[in-house]
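# Structural overview for review
For reference, the chains in residue letters:
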Amino acid sequence: METPLVSVCMTTYNHEAWLAQAIESVLAQQTAFGVELVLGEDCSTDRTAEICRAYVDKYPDRIRLVTSPENVGWRANYRRTFEACRGKYVAYLDGDDWWCDPLKLQKQADLMEADPECGMCYTRASNYWQATDRTEPDHPDHYTDFDRLLCSLTIANCATLARRELIARYYAEVRPEEHPEWKTDDAPMWLWFSVCSRISYLPDITAVHRRLPDSVSHSTAYRRRIAFCDSLMDISLWFEAHYGTGANRFRILRRRSSVALWVLSWEGPVREYLARWWSDVRECPRLMFCPEGPGLLVKKILFRRKK
C-alpha cells in the first residue's frame with residue numbers, strides 16, 4: 001500500500017448497525033490522491049469486528065485494521081488508531097457517523113495544500129437523530145478563533161481534516177491521557193489547533209453526525225448530559241488558563257452554569273437546582289448577579305405547579 005495523502009481515522013465499538021454505512025461513505029470519496037482507512041476496533045461484543053475484517057479482506061490495499069485481544073477503552077483506541085495513520089492529513093470519522101459528500105476530502109485537501117499555514121479545516125455537518133429518524137442541519141454559526149470556540153465549539157469531529165504532524169504535537173504537548181475527567185478527545189484537540197495554527201471553514205455540508213438516544217454526549221439521563229457539558233466547559237477553562245489571558249474565565253463559568261441550570265429547570269427536583277446554583281455561585285460569586293439563575297428557578301417552579 002503506497003503512502004496516502006489522507007488517512008481516515010475511524011474508531012468503532014459496537015457499531016454493527018451503522019459501520020458499513022460509515023465505511024462505504026469513505027470508499028465513495030472521489031479524490032485525485034491516495035486515501036487509506038484505518039479502522040480501530042476495540043473488542044466489540046457484537047458483529048463489529050467481523051464487519052471490519054470483511055472489509056479489510058475485500059479492500060486490503062485501502063483499509064487496515066488496528067485491534068488487540070483485549071478492550072483498551074475509547075481514549076487509547078482513539079490514540080492508537082491515529083498513530084497507525086500514515087497520511088500527511090488525517091480525517092476523523094466515528095463508526096456511527098458518515099460522509100454525505102463524495103468530494104469532502106478533495107475539497108478540504110485542495111484548501112490545505114494551497115495554504116501551508118492552515119492546520120485544520122472543517123465543514124458543516126448535519127445531525128441525524130436516530131430515535132426520531134430526523135435529519136437537520138447544524139447551527140448556522142461556525143467559528144475558527146480561540147475566544148469564541150471556548151464557549152461554543154462549532155466543530156463536528158466527522159467534518160474535519162487536519163495535518164497529522166500537528167495532531168502528534170497536540171498529543172505530546174497537551175497529553176490528554178493525563179486528564180481522565182475529560183469526556184471527549186476531539187474538543188481539546190480542536191481548541192489547541194485554534195491556538196497553534198489557523199483553522200479554515202468551508203460552508204458545505206459534507207458529513208452527518210448520528211445522534212444516538214443514550215450516548216456520552218447525548219443521554220436521556222439529565223445528570224449525564226450535565227456532566228458532559230460540564231466536562232466541555234472544564235476543558236475550556238483548562239485551555240483558557242494555559243493558552244489564554246484569563247479574560248474569558250467568567251464567560252466560560254457563566255456558560256457552564258447556565259447550561260446546567262437550563263437542564264435542571266426542566267428536570268430534577270428544586271433542591272437539586274438550588275444546590276447547583278449555590279455551588280456555582282460559591283465558585284464564582286459574580287454569577288449571583290446573572291439573571292438566568294433566579295429566572296430559570298422561577299420557570300422551574302411555575303412549570304412544576306402547572307404540571
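First, a word on scope: everything that follows refers to the structure included in this document. Source: prediction; values computed, not measured.

Next up on the list: the pairing of strand 9 (residues 198–211). Where strand 5 (residues 98–99) meets strand 9, two bridges bridge the pair, whose relative direction is antiparallel. Looking at strand 9, one finds that Trp 98 is bridged to Val 208.

Below, the discussion takes up unusual backbone geometry. One non-glycine residue, Asn 14, lies in positive phi territory at about 50°. Here Asn 14 is to be found in the loop between strand 1 (6–12) and helix 1 (19–27). On the basis of relative accessible area, Asn 14 is assigned to the partly exposed category, the value being 26%. Of note, the phi angle at Asp 133 is positive, near 55°, even though the residue is not glycine.

Right, let's get into the nonpolar core. With 54 residues, the main nonpolar core has Tyr 92, Met 120, Ile 167, Met 189, Trp 190, Phe 193 and Phe 239 as its most contacted residues. Those residues in contact with Met 120, other than ones at most four positions away along the chain, are Met 112, Ile 155, Thr 160, Leu 161, Ala 162, Trp 190, Phe 193, Ser 197, Arg 198, Ile 199 and Ser 200. With 33 residues, the next largest nonpolar core counts Met 10, Phe 33, Val 35 and Ile 51 among its residues.

Since the α-helix turns once every 3.6 residues, residues separated by three or four places project in the same direction. Within helix 2 (residues 48–58) the residues assigned to the buried category are Thr 48, Ala 49, Ile 51, Cys 52, Tyr 55 and Val 56. The buried residues of helix 2 all sit within an arc of 160° when viewed along its axis, so they share a single face. Looking at helix 2, the residues exposed on the side facing more than 90 degrees away from the buried face are Asp 57 and Lys 58.

Rules and cut-offs
Residues numbered from 1 in each chain as written. Predicted model: local features only at pLDDT ≥ 70, side-chain atom pairs only at ≥ 80, totals over all residues. Heavy atoms only, no water. Pairing = 2+ DSSP bridges. Helix = DSSP H or I, 4+ residues; strand = E, 2+ residues; numbered from the N terminus. Buried < 20%, exposed > 50% of the residue type's maximum accessible area, 1.4 Å probe, protein only. Core = buried A, V, L, I, M, F, W, Y, C linked by side-chain atoms within 4.5 Å. Contact = heavy atoms within 4.5 Å. Arc of directions from axis to C-beta.

Remember, this is a structural readout, not a statement about activity or role.
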